[in-house]
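The chain contents come next:
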Amino acid sequence: MSSVLVLNGPNLGRLGTREPDVYGSGTLAELRELLQSDAAETAIDLRQTDDEAELLRWLHESADSGAPVILNAGAWTHYSFALRDAVALVTKAGGTVIEVHLSNPHAREEFRHTSVITAVATGVIAGLGFEGYRLALAYILRNPSVIR
Ligand code: DQA
């Protein structure tokens, strides 16, 4: 069975109780269920880490396996050049990384207006809450060449 990696960075394990006015009240476990119910024949491999090195290893795993990635890198989005290099390593080898954000960073503090990964990501969806992850997944499922 092919799989899609749904990778979540720092503080996203606290979804449900973390600033629900900004991020909504759904948890990552609920997100996993929602995505799996959309995916049918494709396995949703949803992970979260507060350890940047672990996220880098997961992206390397995608570079090796070809599994497409839906990535919410949290605050690392705004300043981690190591993360940018890892995303580029996947996409420049023909893989897919869709950057997602629950909130719309451009409508928030100025430091959130910069993403160091957008330029090397396949695409970006922001501001639509869990719907953004669902739309990213729909894109992947509708484009079978993306699943390798
Ligand atoms: C976020 C936006 C980031 O600025 C923030 O640091 C997060 C979550 C989002 O999903 O809206 O942790 O990526």
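Details of the structure are given in the entry above.
## Focus: the site of the ligand
Part 1 of the reasoning: As a matter of local geometry, the ligand sits amid Arg18, Tyr23, Asn72, Gly74, Ala75, His78, His101, Leu102, Ser103 and Arg112.
Part 2 of the reasoning: One of the side-chain nitrogen or oxygen atoms of histidine 78 is found 2.7 Å away from an oxygen atom of the ligand.
Part 3 of the reasoning: When the ligand is considered free in solution it has 320 Å² of accessible area, and contact with the protein chains removes 99% of it.
Part 4 of the reasoning: In terms of residue class, the shell around the ligand is made up of 3 nonpolar, 5 polar and 2 charged.

## Quick look at the packing of helix H2 (residues 28-39) against helix H5 (residues 130-142)
Part 1 of the reasoning: Direction vectors running N to C along H2 and H5 enclose 30°, while the axes themselves pass 10 Å from each other. Judged on the interaxial angle alone, H5 and H2 are roughly parallel. Like other packed secondary-structure pairs, H2 and H5 cross with a definite hand, here right-handed. Listed contacts from H5 to Leu31, Leu34, Leu35, Asp38 and Ala39 of H2 are Phe130, Tyr133, Arg134, Leu137 and Leu141.

## Thoughts on unusual backbone geometry
Part 1 of the reasoning: Although it is not a glycine, asparagine 11 sits at a positive phi angle of roughly 75°.
Part 2 of the reasoning: Examined against the element boundaries, asparagine 11 turns out to sit in the loop between strand E1 (3-8) and helix H1 (20-23).
Part 3 of the reasoning: Its relative accessible area of 41% is what places asparagine 11 among the partly exposed residues.
Part 4 of the reasoning: Positive phi values are uncommon outside glycine, yet alanine 40 reaches one of about 50°.
Part 5 of the reasoning: With respect to the helices, strands and loops of the structure, alanine 40 is situated in the loop between H2 and strand E2 (43-48).
Part 6 of the reasoning: Judged by relative accessible area, which is 57%, alanine 40 ranks as exposed.

## Some points on the side chain of histidine 101
Part 1 of the reasoning: On the secondary structure map, histidine 101 appears in strand E4 (residues 97-101).
Part 2 of the reasoning: For histidine 101, a relative accessible area of 8% corresponds to the buried category.
Part 3 of the reasoning: Those residues in contact with histidine 101 that lie beyond four places of it in its chain are Asn72, Thr77, Ile125, Ala126, Gly127 and Leu128.

## Let's talk about the nonpolar core
Part 1 of the reasoning: Residues Val6, Leu35, Ile44, Ile70 and Tyr133 are the most contacted members of the largest nonpolar core, which totals 22 residues.
Part 2 of the reasoning: At the level of elements, E1, H2, E2, E4 and H5 are the ones that each hand at least two residues to this core.
Part 3 of the reasoning: In terms of residue count, the dominant contributor to this core is H5 (5 residues).
Part 4 of the reasoning: Once residues within four sequence positions are removed from consideration, tyrosine 133 is found in contact with Val6, Asn8, Leu31, Leu35, Ile70, Asn72, Val100 and Leu102.
Part 5 of the reasoning: Counting 20 residues, the second-largest nonpolar core is a separate cluster that includes Leu7, Trp58, Leu59 and Ala86.

Cut-offs applied
- Residues numbered from 1 in each chain as written.
- Predicted model: local features only at pLDDT ≥ 70, side-chain atom pairs only at ≥ 80, totals over all residues.
- Heavy atoms only, no water.
- Near = heavy atom within 4 Å.
- Polar contact = N/O pair within 3.5 Å; in protein donor to acceptor, adjacent residues only side chain to side chain.
- Areas by Shrake-Rupley, 256 points an atom, 1.4 Å probe, with all protein chains shown as cover.
- Nonpolar A, V, L, I, M, F, W, Y, C, P; charged D, E, K, R; others polar.
- Axes fitted to C-alpha atoms, helices over the stretch in contact; angles between N-to-C directions.
- Helix = DSSP H or I, 4+ residues; strand = E, 2+ residues; numbered from the N terminus.
- Parallel < 35°, antiparallel > 145°, perpendicular 65-115°, else oblique.
- Left-handed = near helix turned anticlockwise from the far one by under 90°.
- Contact = heavy atoms within 4.5 Å.
- Buried < 20%, exposed > 50% of the residue type's maximum accessible area, 1.4 Å probe, protein only.
- Core = buried A, V, L, I, M, F, W, Y, C linked by side-chain atoms within 4.5 Å.

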